[in-house]
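The primary structure of each chain is shown beneath.
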Amino acid sequence: MVLPAQWFSDSSPILEAVLAGVASAWVEVFALLDATSAQRRVGTASGVFLDIAALDYFGQGLTRRPAEVDTAYSVRIQQNLIRPRATRAGVVQALQDLTGRVPSVFEPRNPVDTGGYNLNMGYGLAGGYGSMTIPYQFFVRAYRPNNLPVSNASGYVVGPGGYNAAPSFYADTSEFQGNISDAEIYANIAAVAPTTSIAWTTISN
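A short tour of the structure in this document, coming up. (Residues numbered from 1 in each chain as written. Predicted model: local features only at pLDDT ≥ 70, side-chain atom pairs only at ≥ 80, totals over all residues. Heavy atoms only, no water.)

1. Here we look at the overall build of the chain
Piece 1. Of the regular secondary structure elements, the chain holds six helices and three strands.
Piece 2. Out of the 205 residues belonging to the chain, those deemed buried represent 23%.
Piece 3. Long-range pairs, those at least 24 residues apart, make up 49% of the contacts in the chain with a sequence separation of at least 6.
Piece 4. For the chain, the exposed area adds up to about 13700 Å²; of that, 60% sits on carbon and sulfur atoms. (Helix = DSSP H or I, 4+ residues; strand = E, 2+ residues; numbered from the N terminus. Buried < 20%, exposed > 50% of the residue type's maximum accessible area, 1.4 Å probe, protein only. Contact = heavy atoms within 4.5 Å. Areas by Shrake-Rupley, 256 points an atom, 1.4 Å probe, with all protein chains shown as cover.)

Right, here's the structure in full:
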């Protein structure tokens, strides 16, 4: 607001206080409008609004991990929104995005996986046997991430942090920041696999 200079002297503390009070109220209103506007899109949303968006789109299938920051959670939500589904490629992509490792998928009715008699992976050669008696079923070997999310965790009697090797501590893997649980791996497969199919799954290190 601009007022004619001749209306007031150089020092008008009462006027300045009144105008500052009105202006501060509007500053809060406009800041609230900016913050609210940002929550309308997943790419710009933050805080609990990201959790609400994930709940709307995926139910309990994509909850925030312990101590997961908004940026990482937003990326996961956006990946899941555009991910291919109901295909083998969708299962592979979902697990690769989740764990950073490409899973092994075997379809008993897929000639590419089973081969033929003495051809590729067929009878007499390394590989898996095919079967026409189990339609809409496939086998998945998913792999846990290679990197543990805590620096002082290690293997049995291997330091630092392994059992009987200092510095040592005990913790459940669900407590690790950013950890990928087996339950989350299973849930990701179920979310992208065809509805009528059965995915026989094993999880390996």
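So that's the structure; there's more coming.
2. Let's talk about the pattern of salt bridges
Piece 1. Taken as a whole, this structure holds nine salt bridges when the rule is applied.
Piece 2. R76 serves as the salt-bridge partner of E68, at 2.9 Å between the closest nitrogen and oxygen. Across the pair, exposure class does not vary: E68 and R76 are buried alike.
Piece 3. The network of salt bridges with common partners includes R65, E68, R76 and E184. (Salt bridge = Lys/Arg side-chain N within 4 Å of Asp/Glu carboxyl O.)

3. Some thoughts on helix α2 (residues 48-58)
Piece 1. Looking only at α2, the buried set comprises L50, A53 and A54. Buried residues of α2, seen end-on, are gathered within an arc of 100° and therefore sit on one face of the element. For α2, the exposed residues set more than 90 degrees away from the buried face come down to V48 and D56.
Piece 2. Residues of α2 that are buried sit in contact with α3 (70-82).
Piece 3. Among the residues trailing α2, G59 stands out with phi positive, at a value near 65°. (Arc of directions from axis to C-beta.)

4. Describing the packing of aromatic side chains
Piece 1. The final tally for this structure, using the stated rule, is three aromatic pairs.
Piece 2. Relative to F30, the ring of W26 lies with its centre 6.2 Å away and its plane at 45°, an arrangement referred to as tilted. Within this pair, W26 and its partner F30 are both found in helix α1 (residues 13-38), separated by four residues, close to a single helical turn. Here the two residues W26 and F30 agree in accessibility, since each one is exposed. (Phe/Tyr/Trp six-rings, centres within 6.5 Å; stacked < 30°, edge-to-face > 60°.)

5. Side note on the packing of helix α4 (residues 88-99) against helix α6 (residues 182-192)
Piece 1. Here α4 crosses α6 at 150°, and the two axes come no closer than 9 Å. With respect to their mutual orientation, α4 and α6 come out roughly antiparallel. Taken as a pair, α4 and α6 cross one another with a handedness that is right-handed. Mapping the contact onto sequence places G90, V91, A94, L95, L98 and T99 in α4 and E184, I185, N188, I189 and V192 in α6.
Piece 2. Along the lines of polarity and charge, the residues of the contact of α4 with α6 split into seven nonpolar, three polar and one charged. (Axes fitted to C-alpha atoms, helices over the stretch in contact; angles between N-to-C directions. Parallel < 35°, antiparallel > 145°, perpendicular 65-115°, else oblique. Left-handed = near helix turned anticlockwise from the far one by under 90°. Nonpolar A, V, L, I, M, F, W, Y, C, P; charged D, E, K, R; others polar.)

6. Remarks on the nonpolar core
Piece 1. Core analysis: the biggest nonpolar cluster contains 14 residues, and V91, L95, F138, V140, A142, I185 and I189 have the highest contact counts within it.
Piece 2. Elements with a minimum of two residues in this core: α4, β2 (137-143) and α6.
Piece 3. The biggest single contributor to this core is α4, with four residues.
Piece 4. Not counting residues up to four positions away in its chain, the partners in contact with V91 are F138, V140, V192 and A193.
Piece 5. Ranked by size, the runner-up nonpolar core spans eight residues in total, among them V42, A45, A53 and A54. (Core = buried A, V, L, I, M, F, W, Y, C linked by side-chain atoms within 4.5 Å.)

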